[in-house]
Amino acid sequence: MKPGAPAPSAAGRSPAGGPSEPGTARIAVDLLGGDDAPAVVVDGALRAVRTDPDLRLLLVGPTEVADGLLGALDPAHRARVAVRPVRAAVGMADHPTAARGESTVRTAVQAVQDGLADAVVSAGSTGATVTAAALGLGRWPGVRRPALVATLPAVDGPVVLLDVGGTLEPGPATLARHAVLGAAYAAVAHGVAAPRVGLLSVGHEAGKGDRLRRSADPVVAAVPLPCNARYVGLVEGYDISLGRRADVVVTDGFTGNVLLKAIEGAYAMAGGPPANGGVPRAAALLGVGGTVVVCHGAAGPDDVASGIALAAHLWRRDAAGTVRALLAEIPHDPAPDRNDTEVAP
């Protein structure tokens, strides 16, 4: 699909776990990632396999856990599931550098690096997943800090929000680079024509916000954007839930992570997202050399299945490769924001 082209119909694709696009997708799943792993991961993986006939899973975790999933599958589906035994996991409270050693998330990333899988899905530590992906798959040229990109349901259609936990304290140049990433992702992954890009602040007027927002506003405004995207200036929190002012909202990883969880909590209290809000509760990691999807640590089975479906959707569209190619066309500062604070735990 060309960037900026209309999105396929809902029947043709569903990152949230419905009918999928054709094409085999091999997804390495971290069985021990998440607050309620492995039970919810196994349940989510089962749902994903049963929904998508072209899906292949590589289960990374203890053999007895994987055997439980295989035993619950119809024999006709078992050939689509392989196992890589690993017993060590990076805990949610562990330092992200723990991902440097043998662990389920590191082994899942290694499977992509070795050509045994097309994408990685984990509901474990965000920091560990980002670290493992950056070390194992490398960063794209021009991206010093990868970004976690989430798609949120809004009244007027989905809104892409980044960063939601990859870089906690970015500088203006990193936010400008993330604006490019977000515009390309909205066009490629969601078929948004001419995405509108906004910078999250406390008001629409120029000069509003803290030092970072005031510094970043003119920097983001000056950067060329791909896919006929345009910068609409500062936006506020309610613009994300309405979706009327911007299709892509850029912020720092700390604010984005807090906002994401607050919005999810508000929708849960209200009985669910808008009727048109069929978007995955998972985030794509942009800026590394492969397809990586991070689910919420508190993900349930449906969320894990949604994350697996999102990973397959992105792989089938070559979203990572296309976004990377679009990014390469945009000039960038070769040494931006050296004091950025990376990866949320």
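Further up the page is the structure itself.
Parameters and conventions
Residues numbered from 1 in each chain as written. Predicted model: local features only at pLDDT ≥ 70, side-chain atom pairs only at ≥ 80, totals over all residues. Heavy atoms only, no water. Buried < 20%, exposed > 50% of the residue type's maximum accessible area, 1.4 Å probe, protein only. Helix = DSSP H or I, 4+ residues; strand = E, 2+ residues; numbered from the N terminus. Pairing = 2+ DSSP bridges. Axes fitted to C-alpha atoms, helices over the stretch in contact; angles between N-to-C directions. Parallel < 35°, antiparallel > 145°, perpendicular 65-115°, else oblique. Left-handed = near helix turned anticlockwise from the far one by under 90°. Contact = heavy atoms within 4.5 Å. Nonpolar A, V, L, I, M, F, W, Y, C, P; charged D, E, K, R; others polar. 1 Å grid on protein atoms, 1.4 Å probe; cavity = no way out; pocket = protein on both sides within 12 Å on 5 of 7 lines; lining within 4 Å. Points joined across faces, edges and corners; volume = space filled by probe spheres on them.

Asker: Quick question: what am I supposed to make of the pairing of strand S5 (residues 147–152) here?
Answerer: Consecutive residues of a regular strand have side chains that alternate between opposite faces of the sheet. Counting buried residues in S5 gives six out of six residues, a clear majority hidden from the surface. With burial as the criterion, each face of S5 is covered, one bearing Ala147, Val149 and Thr151 and the other bearing Leu148, Ala150 and Leu152. Both S5 and strand S11 (residues 282–286) contribute to a ladder of four bridges, which runs antiparallel. Bridged to alanine 147 within S11 is leucine 286. Taking the residues that link successive antiparallel strands as the turn, the S5-strand S6 (residues 159–162) hairpin has six residues, and the phi of glycine 157 there is positive, at about 125°.

Asker: How should I be thinking about the packing of helix H4 (residues 104–113) against helix H5 (residues 126–137) in this particular structure?
Answerer: How two helices pack is summed up by the angle between their axes together with the distance between the axes. Close contact between H4 and H5 brings their axes to 9 Å; oriented N to C, the two are set at 30°. In this view, H4 runs roughly parallel relative to H5, as classed from their interaxial angle. Our pair here, H4 against H5, has a crossing hand that is right-handed. Two secondary-structure elements touch here, H4 through Val105, Arg106, Val109, Val112 and Gln113 and H5 through Ala128, Thr129, Ala132, Ala133, Gly136 and Leu137. Across the contact of H4 with H5, the residue classes break down as seven nonpolar, three polar and one charged.

Asker: I'm lost on empty space enclosed by the protein in this one. Help?
Answerer: Regions of empty space are outlined by a rolling probe, equal in size to a water molecule, passed over the atoms. Taken as a whole, this structure holds two cavities of 30 Å³ or more when the rule is applied. Considered as a void within the structure, the largest cavity measures approximately 60 Å³ in volume. Those elements that provide at least two residues to the lining of the largest cavity are S11, strand S12 (291–295) and helix H11 (319–328). For the lining of the largest cavity, the leading source of residues is S11, giving three residues. Looking at the lining of the largest cavity residue by residue, the classes come out as eight nonpolar, two polar and no charged.

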